[in-house]
Every structure is written in structure tokens, then in C-alpha cells.
Amino acid sequence: MLDTMALELARFRGAAIERGPVPSGRVVACDGGLIEVSGLSVPIGSLGAIESDSGDEPLAEVIGFRRGHSLMMLLGDAQLLQPRASVRAIGSPGSVRVGDALLGRAVDGLGQPIDGGPAIHASETWPLLGKRESALARSGVSESFDCGVRAVNALATMGVGQRMGIIAGSGVGKSVLIDTVAANAKADLAVIALIGERAREVSDFVTRHMSGAERGRMVVVAVPADHAPNLRLRAAQYASAIAEHFRAKGRKVLLVLDSLTRVAHAARELALVLGEPGAARGYPPSALSTITRLVERAGNCATSGGAVTGIYSVLADGDDTSDPVVDTARAILDGHLVLSRELAQRGHYPAIDIPASLSRVMHDIASAEQLEAARRLRALIAAREHNRDLVMMGAYRAGSDPDLDCALAHSNAIDAFLQQPRNACVNMTQSRAQLMDMLAKIDAPLVANA
Ligand SMILES: Nc1ncnc2c1ncn2[C@@H]1O[C@H](COP(=O)(O)OP(=O)(O)OP(=O)(O)O)[C@@H](O)[C@H]1O
Ligand SMILES: [Mg+2]
């Protein structure tokens, strides 16, 4: 008798304290990762604990319903589930716990610590999918955002509340660039979501960033590639919810998501499991709209004065920049930095392809002088890259194109300006001053000749 009571007590461990009975149901089918549960009437997005023989209760999430049955998906590894196992609803559907207790911590998609630290008692709640605001509650981008990378600060200046994409094939340097920005950007705090990345990269990131003085201003939400798709998607939404919570308190937050493509992969897996037909490259429409909704959550808040500046890495599969995720991201983001494999192969880091990259808010935040200087330098870089093969073959005759002559004469200075060692920081003031110095040097002989 006592044993039975102890078991019942253990079952209620972690359950939300609510009036009325805890909703529960029974597993009636399990098929290709989809678990059908009868009798559990809870909304989509709710969590349930499934009874298992081993004693621990694997968690599953309600991802839909059909013919009176709830469709659930495990959040952890596939367990030895049994027919008619009981499922008990836990937590409060659709909301997550957020708060200052998360600062300096690394958590998974369910908010459980992964840094070996004590349990986190976050005091407040926030809707996992965010609070929908009217378009007018979003103020425009009017202040520049110092990301600590010279080429970006000077030539594709970001703004506070902007959503910027980093688009590149695999192994071209997205994660290293994001790492540099996370460490050097000027923001009140940073929320870093590492979704679908390698577990080794997650542990490297946490060890490097969660030990120094910056620790107290960072939250890491990480779900490596081998975890369930719904947990990966949930982690991206959870990181956005944490950033929104701090924005509502008037803080300027940097939200970094590496990578948006892997979130799209997770959304694709979920939609396919639910039977939605794949459209563009196998991506069902709902997978692409998940990306749009996620990106739209960043921005400035007119009422609190807070901001979420979003940086999203996008993997261009096989260096194909017309991939549906790349297209969707490019359409919804306020700018993109394209990384080039050719530059990376030459050892030019960060491998930002300047002519192909742009910040759509730069015109609103940079001075006329900087805009003109950036336009001029971009033109020189484009001329040099465009004619690179011609010059290498010796087929170019000096004097045919003044821009190219100028770019070739200052080629080393331009490269030195664009490159930056990893983890080095060049702030906004230095970046602008160095851009002006550089242009003064480039134009000096022309002025002397005139
Ligand atoms: N700024 C840099 N300085 C020196 N080396 C770099 C730099 N950026 C990238 N690299 C080199 O490129 C490699 C791959 O970089 P990174 O892991 O950032 O690529 P990625 O685009 O995130 O790849 P994936 O899509 O596979 O995640 C690094 O291991 C490093 O050797
Ligand atoms: Mg990476």
C-alpha cells in the first residue's frame, strides 16, 4: 500500500499545481516516431510524461490530433514504449519559464541545465510561440549595432533590432563568425541558440564563453543534431521566448541562432510525420512558415524600448543560394552576409563576399560620408573580384578600367582591411575611422593628379 502511494507521489512530481484532475490518456499506437494517445485532451504544444517499465518517464509533445486521438512525439530518445502505457499531462501548455536565473547558464530545449550546474528556478513565464504584437508596436531601426567585426561595421552596418542572415555552404566559417560576434557585440545580453550543431561545438562554445566576465550576460540554449526534431524546434522557439522576455523589460538583446536551416529541417521532419506533403525541395509549406514566424519575433519594441537584434546562420546546401530556406530567409531578413568558399580557400577570413552582402537598414543609420566611402570601397572590391581571372592570366592591360587599377594598386590594403583574426574585436568607432583612413589613402593620388 505504502509502495503504491510512493509511486503515485513520484508520478505527480513536477506536475503543475492546478485545480482539478491531471489529464491523462493511454498509448494506442506508435508508428514511425508518431505516438497516438487516446483520452488525453490537452492542446497542441502540451507535454506529457509516458509511463515506462524502466521507471523513468520519457517526455513527449502533442504535435497534432486526428480522429479524437492526440498525436505525440518523443522529446528524448526512443524508449521501450508499451501498448496502453499511461500518459500524464505535465506543465502548463504553451508557456515556458524565463527569468534572470537563466543568465550565465546553458540549457536544453526544455530549460534543463546542460552545464552541470544546479537546477534553474526561473521565476516568470512567457508564451513559447511569443506574444503577437501589432506591426505598429514595432519601432524602426534607427541606431547602429556594433558587432565587433570591421568589414560588417564599415561596409554592411547593422542596426539595433535588425535581423541579419549569414548565408554560406558548410565549413566556410559561419560558426566562427557567429562566435566572434557573440563575444564582441555591444548588447545588454546575448541569447545563443545552437540548434542541430555538433555536440563538440556546443561544449566548445559553452567552455569558451561561460567562464569569463561575459558569462553573466549570456544564455545558451543548445540541442545538438542527434536529438528529436521537435526538441530542436522547441529550442529555437525557447531561445526566442527568452530574448522577448528580456526585450519586454527594456533590454537590448542579441539573439544568435546557429542554424536556421537545421530548424527548418526539424520543422520539415515534423510536418512530414504529420502527413503534410513536401513541396519546394521536400519542404512542406508549414516548415517554411515556421522560419518566417521565428525570424519575425526579433525586432525593436516601441513600448518597452527594448530590442532583439537577430543573427541567423543559413546553410546554403551544396553552396546553392537558391535553396528554399535561403530564399525564404533572404526575403524576410533585413540583410544578409554571404560567405564565399573561394575566399575561405584562400585563407581570407572572415570570408565575407562584400559585393553580395548587404544590410537593408544601413541607409537609415550610417552617415552620408560613411555611405559614400562604403559604396566606393564596395565598387573597388567588386571590380577586383570580377576581373580576378583576367588579371591572374595577365590579360588585363593597366589603364583600361580606373576602378580596377585603383583596386589593384591598393589590393593589400583592401585585404588587410577586410580580414580580421578570429576573436579579435574592432569596434564601430575604429571601423568607421579605419574606413575613412583607407579611402583617404586610396583617393590621395587621384586628388594629387587632379
Ligand atoms: N576567422 C577564421 N580564422 C581562421 N580560420 C577560420 C575562420 N573562420 C573559419 N575558419 C576555419 O574554417 C573552419 C570551418 O568553420 P565553421 O565551423 O565556422 O564553418 P561552418 O560554416 O559553421 O560549417 P558548418 O556548416 O559545417 O557548421 C574552422 O574550423 C576553421 O578552421
Ligand atoms: Mg557551423
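Quantities reported herein were computed from a predicted structural model and do not represent experimental measurements.

Novice: I tried to follow the site of ligand 1 on my own but got confused; where do I start?
Specialist: Taken together, 15 residues are adjacent to ligand 1, and Gly171, Lys174, Ser175, Val176 and Arg198 come closest. Contacts to ligand 1 include serine 175, whose side-chain N or O atom sits 2.7 Å from an oxygen atom. Within the backbone of valine 176, one N or O atom sits 2.9 Å away from an oxygen atom of ligand 1. Summarising the interface, the protein chains cover 74% of the accessible area of ligand 1, which totals 630 Å² for the free molecule. Residues belonging to the shell around ligand 1 are distributed by class as follows: 4 nonpolar, 5 polar and 6 charged.

Novice: I tried to follow the pattern of salt bridges on my own but got confused; where do I start?
Specialist: Pairing of side chains with opposite charge becomes possible as their charged atoms draw close. According to the stated counting rule, one finds 18 salt bridges in the structure shown. Note that lysine 249 and glutamate 124 form a salt bridge whose closest N and O atoms lie 3.2 Å from each other. Here glutamate 124 lies in strand β9 (residues 124-127) and lysine 249 lies in the loop between α5 (229-248) and β15 (252-258), a separation of 125 residues in the sequence. Aspartate 204 is paired through a salt bridge with arginine 200; the nearest N and O atoms lie 3.9 Å apart. Of this pair, aspartate 204 and arginine 200 both sit in helix α4 (residues 199-209), 4 residues apart, which is roughly one turn of that helix. The partly exposed category is assigned to aspartate 204, whose relative accessible area is 35%. When salt bridges that share partners are traced, they join Glu342, Arg346, Arg384, Glu385 and Asp415 into one network.

Novice: Quick question: what am I supposed to make of the pairing of strand β17 (residues 307-315) here?
Specialist: The side chains of a regular strand alternate, first on one face of the sheet and then on the other. Across the 9 residues of β17, 9 count as buried, placing the element largely inside the fold. Judged by which residues are buried, β17 turns out to be covered on both faces: Ala307, Thr309, Ile311, Ser313 and Leu315 on one side and Val308, Gly310, Tyr312 and Val314 on the other are all buried. In the sheet, strand β12 (residues 163-168) pairs with β17 via 6 bridges, with the strands oriented parallel. Paired with methionine 164 across the two strands is isoleucine 311, which belongs to β17. Where β15 lies against β17, 6 bridges are found, and the strand directions are parallel. By the bridge assignment for β17, leucine 257 is matched with tyrosine 312. With 2 bridges connecting them, strand β16 (residues 299-300) and β17 associate as antiparallel partners. Its bridge partner lying in β17, glycine 299 is registered against valine 308.

Criteria and cut-off values
Residues numbered from 1 in each chain as written. Chains lettered and ligands numbered in written order. Predicted model: local features only at pLDDT ≥ 70, side-chain atom pairs only at ≥ 80, totals over all residues. Heavy atoms only, no water. Near = heavy atom within 4 Å. Polar contact = N/O pair within 3.5 Å; in protein donor to acceptor, adjacent residues only side chain to side chain. Areas by Shrake-Rupley, 256 points an atom, 1.4 Å probe, with all protein chains shown as cover. Nonpolar A, V, L, I, M, F, W, Y, C, P; charged D, E, K, R; others polar. Salt bridge = Lys/Arg side-chain N within 4 Å of Asp/Glu carboxyl O. Helix = DSSP H or I, 4+ residues; strand = E, 2+ residues; numbered from the N terminus. Buried < 20%, exposed > 50% of the residue type's maximum accessible area, 1.4 Å probe, protein only. Pairing = 2+ DSSP bridges.

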